[in-house]
Amino acid sequence: MTDHGHDEESHARTGSGPPSKGGLSRRRVMTASAVAAGVGLASIPGQADAAAGGQAVSLGVTGTTTVEFRGRVTQSGDSGQSFTSYGYLIRASNADDSGLFASTPPSETTALLTAYATGDLQARVTDVSVHSLDIVGTMTVYQRSQPGATFDDPSSFQVGTPVASYDMTLQDVLTVFAPGQGLPTLTGDMLQTAVGTLSGPLAGQKFGRPGAQLRFFATGLGTLTDPTKPNSQLEIAGNWSIE
């Protein structure tokens, strides 16, 4: 989630808002730094293990990466205060490809586990070429019975059965490298608030567990979509890991 209207605003402008509600600090809930070198995705079992209702999907050993994803973020509003993110899981611990995609190649149109998040700007600090935004929001993971999501329709990532929900807190550090373009680094924390039982190839397994704390990281490329206000579109890829 990025703020590409910074150059159209005064570089001295600083926005701020109320602290996040519910006692969730930025270090307690939405998106985080890359995992230390050498720590990879938690081991993914074979189809037989997944079908047997084994370990919960998206969980693993502390410090390991358990989910990888691709997505988009839209920043909107007169002051760029609203964020919507949508995407799909490309890897997950304790799930094989048959539980993630209906067919090949892997893409949003074949994905069976999708995610949709919304967030609100809490604070903005602008500088010459590096800017910082604090965002608080929520995210839900959905399991589709059939593929069909498309980035042309963000609401299509909300189709299916909700299988996990999270409170999220995010810091977005944006590096401007050209007019209307920037490289964002999204870091923060996630707190799982709800869990559901999966079906299909993952039948009998849960997606995570309530109270799980995770770290989230994403980066990508952002483009200003409205020169009169800080509205932008961001293509991202990233992961989350177990704390």
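Here the structure is a predicted model, which is why all the values come from computation and not from measurement. (Residues numbered from 1 in each chain as written. Predicted model: local features only at pLDDT ≥ 70, side-chain atom pairs only at ≥ 80, totals over all residues. Heavy atoms only, no water.)

## Examining the overall build of the protein
Within the protein, the regular secondary structure consists of two helices and nine strands. Ordered by position from the N terminus, the helices and strands of the protein form the series β-α-β-β-α-β-β-β-β-β-β. When the 243 residues of the protein are sorted by exposure, 49% land in the buried category. A fraction of 71% describes how many contacts in the protein between residues 6 or more apart in sequence connect residues 24 or more apart. (Helix = DSSP H or I, 4+ residues; strand = E, 2+ residues; numbered from the N terminus. Buried < 20%, exposed > 50% of the residue type's maximum accessible area, 1.4 Å probe, protein only. Contact = heavy atoms within 4.5 Å.)

## Section: the packing of aromatic side chains
The final tally for this structure, using the stated rule, is nine aromatic pairs. Relative to Phe-216, the ring of Phe-69 lies with its centre 4.9 Å away and its plane at 25 degrees, an arrangement referred to as stacked. Of this pair, Phe-69 sits in strand E2 (residues 65-76) while Phe-216 sits in strand E8 (residues 213-226), and the two are 147 residues apart along the sequence. Measuring from centroid to centroid gives 5.6 Å for Tyr-86 and Phe-157, while their planes differ by 40 degrees, and the two rings are tilted. (Phe/Tyr/Trp six-rings, centres within 6.5 Å; stacked < 30°, edge-to-face > 60°.)

## Some details on the pairing of strand E5 (residues 130-143)
A large share of E5 lies buried, amounting to ten of its 14 residues. Of the pairings in the sheet, the one linking strand E4 (residues 113-125) to E5 comprises twelve bridges and is antiparallel in character. Considered in E5, the bridge of Leu-113 is made with Gln-143. Here E4 hands over to E5 after four residues, the two strands then running antiparallel side by side. (Pairing = 2+ DSSP bridges.)

## Here we look at a nonpolar patch on the surface
Taken together, the side chains of Phe-177, Leu-183 and Leu-221 present a nonpolar region at the surface, about 260 Å² in accessible area. In this structure, Phe-177 sits in strand E6 (residues 161-178). (Patch = residues over 30% accessible without salt bridge, like charges linked within 9 Å, V, L, I, M, F, W, Y side chains within 5 Å. Areas by Shrake-Rupley, 256 points an atom, 1.4 Å probe, with all protein chains shown as cover. Salt bridge = Lys/Arg side-chain N within 4 Å of Asp/Glu carboxyl O.)

## Quick look at the confidence of the model for the protein
When pLDDT is averaged along the protein, the result is 84; 78% of the residues meet or exceed 70. Within the model, pLDDT remains below 50 along residues 4-52, and this stretch shows 140 contacts once partners closer than five positions in the same chain are excluded. (pLDDT = per-residue confidence, 0-100.)

## Let's talk about the pattern of salt bridges
Throughout the structure, instances matching the rule amount to five salt bridges. Two residues, Glu-235 and Arg-72, come together in a salt bridge whose shortest N-O distance is 4.0 Å. Separated by 163 residues along the polypeptide, Glu-235 in strand E9 (residues 231-242) and Arg-72 in strand E2 bring together distant segments of the chain. According to the relative accessible area criterion, Arg-72 is buried, its value standing at 19%. Where salt bridges share partners, they join Arg-70, Arg-72 and Glu-235 into one cluster.

## Concerning the nonpolar core
Ranked by size, the top nonpolar core spans 46 residues in total, and within it Met-139, Val-141, Tyr-166, Met-190, Phe-207 and Trp-240 carry the most contacts. Mapped onto this core, the elements with two or more residues apiece are E2, strand E3 (82-92), E4, E5, E6, strand E7 (181-195), E8 and E9. (Core = buried A, V, L, I, M, F, W, Y, C linked by side-chain atoms within 4.5 Å.)

## Focus on the pairing of E4
Two faces belong to every sheet, and in a regular strand the side chains alternate between them. Bridging between E3 and E4 involves seven bridges; their strand directions are antiparallel. Its bridge partner lying in E4, Thr-84 is registered against Thr-118.

## A word on the environment of Gly-87
Within the secondary structure layout, Gly-87 lies in strand E3. For the pair Gly-87 and Ala-237, spaced 150 residues apart in sequence, the C-alpha separation works out to 9.1 Å. Residues within four places of Gly-87 in sequence aside, it is in contact with Arg-70, Gly-71, Thr-114, Ala-115, Phe-151 and Phe-157.

## A look at the side chain of Ser-85
Looking at the element boundaries, Ser-85 is found in strand E3. Judged by its relative accessible area of 14%, Ser-85 is buried. From its side chain, Ser-85 meets the backbone oxygen of Arg-72 in a polar contact 3.3 Å long. (Polar contact = N/O pair within 3.5 Å; in protein donor to acceptor, adjacent residues only side chain to side chain.)

## Focus on the environment of Val-125
Positionally, Val-125 belongs in strand E4. Take Val-125: its relative accessible area is 48%, and that puts it in the partly exposed class. Taking the C-alpha atoms as reference points, Val-125 and Val-173, separated by 48 residues in sequence, lie 9.8 Å from one another.

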